[in-house]
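Here are the chains, one letter per residue:
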Amino acid sequence: MPEKRIVLKNCGVIDPKNIATYLAADGLKAWQKARQMAPEKVIEEVKAAGLRGRGGAGFPCGLKWELARKSPGDEKYVICNADEGEIGTFKDRYILENDPFTLIEGIAIAAYAVGAKQAFIYLRAEYHHLLDLLTSAVSQSHEQGLEVNIEIREGAGAYVCGEESALMESIEGGRGEARYKPPFPPNRGLWQKPTIINNVETLMNIPRIILNGAGWFSQTGTEKSKGTKVFSVSGDVARPGVYELILGSPLRELVIDLAGAEKVKMVQIGGATGRIVPYTMIDTPLSFETILGAGSIIVYDESRDTIDIVYRTLEFLAEESCGKCSPCREGTEAMAEILARFDRGEGREKDIKVLEELARAMSISALCGLGQAAPTPVTDSLQYFREDYAKRIKQGGKVRC
Ligand SMILES: Cc1cc2nc3c(=O)[nH]c(=O)nc-3n(C[C@H](O)[C@H](O)[C@H](O)COP(=O)(O)O)c2cc1C
Ligand code: SF4
């Protein structure tokens, strides 16, 4: 039978400080099973499961591993992306706090599959309090004979360092700036060697896929989005927190039934560069083929002001742009300036045209995902809440519903 809790299964059940409790809950059995399989067979299983990356882009996990496996060379790396800098995200923190062992087992299986001897966990700077817990979990796991060496590297607080190429620059000791692509990490990543980077939640799925089989995993979800998804829900809700849902479940179930939101005006899905959808889309299924990105869900009720939300989001992105390419460096600043004008009640009709033109230019010419997706809150709000911009031009001042 398909299960509703795949990723959070051990959370609240095992003791994250003591591997004995993990071992009692079938811990490391998947790793033992994987080592009896050929690495290519492990990759086949992950591909057949249809697991897609949970870090935002939804890239097929098995395909990424296969590319790295087939890349020539003996020196390869696995990186677990625990940077979690997206606004409103705290699901990876919850996983790290409650079940570091499944993550480590997932990393060990990934390393075996691609042929890596060294792995890194890139930990968000603000999660420094988790360093001792993770270090202890890694050392307890190594005592059980894991062949991969896992090192924890702490970030320095830059949002862009969650982007895979900026993250690798950071591990190498450089400035946290995105790289030109191609080459992509499975061909040339960390120190120009084949590298796979996966989100915490993606790797958490691996042990259960190996233990229960691809068929078990792919029973749940939609045609193109298999398994479950973990969400961090915050904002105007009665019960903020971390929830796991089968992919394809409606947004309504998460936001209203579980988190207890009322009078919803809009939902920001996937963080600063994610989609903003109006209440009329509350029955949209949560899947990669619809509106899903990273696992952040921020709910705004009818008392919230659209311009205020979009302005603050663009201010954040302008601040966090690494500045390497001009479409993003200049574009996010220009958008934030225009939105500031709207926020002061000084927006003009022609500003909307400029926002739309900037959005088009940035989405096709920015170097990395930050700049390419930075216009999303602007374009979505113009699509669904254009009347709020129009009212602000007409009346000036803030628009309250
Ligand atoms: C600005 C920016 C920030 C990102 N932050 C994160 C992050 O904090 N965690 C994460 O897993 N992926 C983040 N990503 C996505 C990564 O670049 C990468 O796609 C992901 O780690 C791949 O893992 P997955 O295939 O398991 O999803 C970010 C991307 C961008 C453009
Ligand atoms: S898009 Fe933005 S964050 Fe990415 S490289 Fe260009 S300036 Fe840096």
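Residues numbered from 1 in each chain as written. Chains lettered and ligands numbered in written order. Predicted model: local features only at pLDDT ≥ 70, side-chain atom pairs only at ≥ 80, totals over all residues.

Caption draft 1: Quick peek at the overall build of the chain. A tally of helices and strands in the chain yields 17 helices and nine strands. The C-alpha extent of the chain, read off along each of the three principal axes, is 70 × 45 × 40 Å. Considering the chain as a whole, with its 401 residues, one finds that 53% of them fall into the buried category. For the chain, restricting intrachain contacts to residue pairs at least 6 apart in sequence, the fraction spanning at least 24 positions comes to 71%. (Helix = DSSP H or I, 4+ residues; strand = E, 2+ residues; numbered from the N terminus. Buried ≥ 20, exposed ≤ 12 C-beta atoms within 10 Å, placed from the backbone. Contact = placed C-beta atoms within 7 Å.)

Caption draft 2: Seen up close, the environment of Glu-223. Summarising the element assignment, Glu-223 is placed in the loop between helix H10 (214-218) and strand S5 (228-235). Remark: the alpha-carbon pair of Glu-223 and Glu-289, spanning 66 residues in sequence, is separated by 9.2 Å.

Caption draft 3: Representation of the site of ligand 2. What surrounds ligand 2 is a group of 15 residues, the closest being Cys-322, Cys-325, Cys-328, Cys-368 and Gly-371. Only helix H13 (326-343) and helix H15 (369-373) provide two or more residues apiece to the shell around ligand 2. Across the shell around ligand 2, the residue classes tally to nine nonpolar, three polar and three charged. Both domain 1 (19-218) and domain 3 (306-395) contribute no fewer than three residues apiece to the shell around ligand 2. (Near = placed C-beta within 6 Å. Nonpolar A, V, L, I, M, F, W, Y, C, P; charged D, E, K, R; others polar. Domains from an automatic or database assignment.)

Caption draft 4: Geometry of helix H7 (residues 131-143). In a regular helix each residue adds 1.5 Å, so 13 residues correspond to 18 Å; H7 covers 18 Å between its end C-alpha atoms and thus fits that length. Of all the residues in H7, the buried ones are Leu-134, Ala-137, Val-138 and Ser-141. Considered in projection along H7, the buried side chains sweep an arc of 100° and stay on one side of the axis. In H7, the exposed positions that point more than 90 degrees away from the buried face belong to Asp-132, Ser-139 and Glu-143. Contact partners of the buried residues in H7: helix H1 (19-24), helix H5 (91-98), helix H6 (100-114), strand S2 (118-123) and strand S3 (149-154). Within two residues after H7, Gly-145 carries a phi angle of roughly 100°, on the positive side. (Expected span 1.5 Å × (residues − 1). Arc of directions from axis to C-beta.)

Caption draft 5: Quick peek at the site of ligand 1. Lining the immediate environment of ligand 1, one finds 23 residues, of which Gly-53, Gly-55, Gly-162, Asn-199 and Gly-369 sit closest. If you list the elements that add at least two residues to the shell around ligand 1, you get strand S4 (195-199) and H15. With three residues, S4 is the single largest residue contributor to the shell around ligand 1. Here the residues of the shell around ligand 1 are counted per class, giving seven nonpolar, ten polar and six charged.

Caption draft 6: Quick peek at the sheet that holds S3. Across the sheet, four strands lie side by side as S3-S2-S1-S4; this open sheet has parallel pairing. The open sheet has two edge strands with one neighbour each: S3 and S4. When the angles between neighbouring strand axes are averaged without regard to direction, this sheet yields 20°. Bridge count between S2 and S3: six bridges; the pairing is parallel. Across the sheet, the residue bridging to Gln-118 is Asn-149, located in S3. On the sheet, H7 packs against S2 and S3 and is oriented at approximately 170° with respect to S3. In the packing of helix H9 (residues 200-212) onto the sheet, the strands contacted are strand S1 (77-82) and S4, and the crossing angle to S4 comes to about 95°. (Pairing = 2+ DSSP bridges. Axes fitted to C-alpha atoms, helices over the stretch in contact; angles between N-to-C directions.)

Caption draft 7: Representation of the pairing of S4 within the structure. When you tally the buried positions in S4, you get five out of five residues, the bulk of the element. Of the two faces of S4, the one carrying Thr-195, Ile-197 and Asn-199 and the one carrying Ile-196 and Asn-198 are both buried. As judged from the five bridges shared by S1 and S4, these two strands associate in the parallel manner. Counted as the bridge partner of Cys-80 is Asn-198 from S4.

Caption draft 8: Region of the structure containing the domain arrangement of the chain. Splitting the chain by domain gives domain 1 (19-218), domain 2 (228-301) and domain 3 (306-395). At the interface, seven residues of domain 2 touch 13 residues of domain 3. Here the side of domain 2 that touches domain 3 takes three residues from strand S8 (residues 275-278), the largest share from any one element. Considered class by class, the residues forming the side of domain 2 that touches domain 3 number four nonpolar, two polar and one charged.

Caption draft 9: How the structure looks around helix H8 (residues 164-171). Taking burial as the measure, the eight residues of H8 include eight buried ones, the bulk of the element. Taken together, the buried residues of H8 touch S1, S2, S3 and S4. Of the residues flanking the end of H8, it is Gly-173, one or two places downstream, whose phi is positive at about 95°.

Caption draft 10: Summary view of the sheet that holds S8. On the basis of which strands lie adjacent, the open sheet formed by five strands has the order S6-S5-S9-S7-S8 and mixed pairing. Strands at the two margins of the open sheet, each flanked by one partner only, are strand S6 (241-246) and S8. Averaged over neighbouring strand pairs, the angle between their axes works out to 30° when direction is ignored. Taken together, the four bridges between S5 and strand S9 (residues 296-301) define a ladder with parallel strand orientation. Residue Val-233 lies in a different strand from S9, and its bridge partner there is Ile-297.

Caption draft 11: Here's a closer look at the environment of Ala-359. As for its position among the elements, Ala-359 is in helix H14 (residues 349-365). Taking the C-alpha atoms as reference, Ala-359 lies 7.9 Å from Thr-376; in sequence the two are 17 residues apart. Apart from residues lying up to four places away in sequence, Ala-359 is in contact with Pro-375, Val-378 and Thr-379.

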